Amino acid sequence: MRVGTYIALGFGETMKNTNLIFWAANSSENGHFSTYFSRGHSMPLECPDVLSCYKNSVEPVYEDSDFVDFITSRPLDCEIEDSFVIKTDQITPMISAWNPKNSNMSFHGIDRE
């Protein structure tokens, strides 16, 4: 990911009532990873309880790079009440959001660029 950008992946068909995983590349040595719940056209709510499901690391692609690599993993079912289960016997709908110019999360509400 390029420094100064973010991407979020949602497990649902729309951004309404969807669990999100969020990566932000703040600098070549610092990235932010978190979990959110999106309610639609408002700022998503952070979900710290679900964060324990994930293993995440971030590192520069190479020295003095403007890109970072995020490596994230989680079990298909992390057995936390608010976590979604990734089923292997059906297609999991996914949605994405990103901002190529800013690493701060934005939404389709009042702060949209």
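What comes next is a walk through the structure. (Residues numbered from 1 in each chain as written. Predicted model: local features only at pLDDT ≥ 70, side-chain atom pairs only at ≥ 80, totals over all residues. Heavy atoms only, no water.)

## Some details on unusual backbone geometry
Note the threshold: A run of H or I in DSSP becomes a helix once it reaches four residues, and a run of E becomes a strand once it reaches two; helices and strands are each numbered from the N terminus.
Located in the positive-phi region is Asn17, a residue other than glycine, with phi close to 55 degrees. Following the sequence through the fold, Asn17 ends up in strand E2 (residues 16-27). At Glu79, a position not held by glycine, the phi torsion is positive, near 60 degrees. In this structure, Glu79 sits in the loop between strand E6 (68-73) and strand E7 (95-99).

## Digging into the state of the cysteines
Here, the word disulfide means a covalent bond between the sulfur atoms of two cysteines. What counts, and what does not: Only a pair of cysteine sulfur atoms within 2.5 Å counts as a disulfide in this structure description. Type-normalised accessible area, obtained with a 1.4 Å probe on protein chains alone, sets the label of each residue: buried when under 20%, exposed when over 50%, and partly exposed for intermediate values.
Within this structure, the stated rule accounts for one disulfide. Across a sulfur-sulfur distance of 1.9 Å, Cys53 and Cys78 are joined as a disulfide pair. Residues Cys53 and Cys78 share a disulfide whose torsion about the S-S bond is about 45 degrees; that sign makes it right-handed. On the criterion of sequence distance, the pair formed by Cys53 in the loop between helix H1 (48-51) and strand E5 (55-60) and Cys78 in the loop between E6 and E7 is long-range, its members being 25 residues apart. Per residue, the accessibility class of Cys53 equals that of Cys78, and both read buried. Not part of a disulfide, Cys47 finds its nearest cysteine sulfur in Cys53, a span of 11 Å.

## Some points on the side chain of Thr35
Quick reminder of the rule: Here a polar contact is recorded for every N or O atom pair within 3.5 Å, except that within protein the pair must consist of a potential hydrogen donor and a potential acceptor, and residues adjacent in sequence are included only if both atoms are side-chain atoms. Throughout, a residue-residue contact means that at least one pair of heavy atoms, one from each residue, lies within 4.5 Å.
Position of Thr35 among the secondary structure elements: in strand E3 (residues 30-39). Here the side chain of Thr35 touches Cys47 through a polar contact of 2.6 Å, landing on its backbone oxygen. Look past the residues within four positions of Thr35 in its chain and what remains in contact with it is Leu20, Ile21, Leu45, Glu46, Cys47, Val50, Leu51 and Tyr54.

## Some thoughts on the nonpolar core
Spelled out, the test is: Throughout, nonpolar core names a set of buried Ala, Val, Leu, Ile, Met, Phe, Trp, Tyr and Cys residues whose side chains join them through atoms within 4.5 Å.
Counting 13 residues, the largest nonpolar core has Ile21, Trp23, Phe33, Val50, Cys53, Tyr54 and Phe70 as its most contacted members. Where this core is concerned, the elements lending two or more residues are E2 and E6. Counting residues per element, this core draws most heavily on E2, which supplies three residues. In contact with Cys53, other than residues within four places in its own chain, are Ser73, Arg74, Pro75, Cys78, Ile80 and Ser83. Of all hydrophobic cores here, the second largest spans eight residues; its members include Tyr6, Ala8, Phe22 and Tyr36.

## A look at the environment of Pro93
Summarising the element assignment, Pro93 is placed in the loop between E6 and E7. Given the relative accessible area of 32%, Pro93 is considered partly exposed. Separated by 83 residues in the primary sequence, Pro93 and Gly10 have C-alpha atoms spaced 8.4 Å apart. The residues touching Pro93, leaving out its near neighbours within four places in the chain, are Gly10, Phe11, Gly12 and Glu13.

## Structural notes on the sheet that holds E7
The cut-off we apply is this: Two strands form a pair only when DSSP identifies at least two bridges running between them.
The strand order across the open sheet built from five strands is E4-E3-E2-E1-E7, with neighbouring strands paired in antiparallel fashion. In this open sheet, the two strands that pair with only one neighbour each are strand E4 (45-46) and E7. Of the strand pairs in this sheet, strand E1 (residues 5-11) and E2 are connected by seven bridges, and their pairing is antiparallel. Following the sheet pairing, Ile7 is matched in E2 by Trp23.

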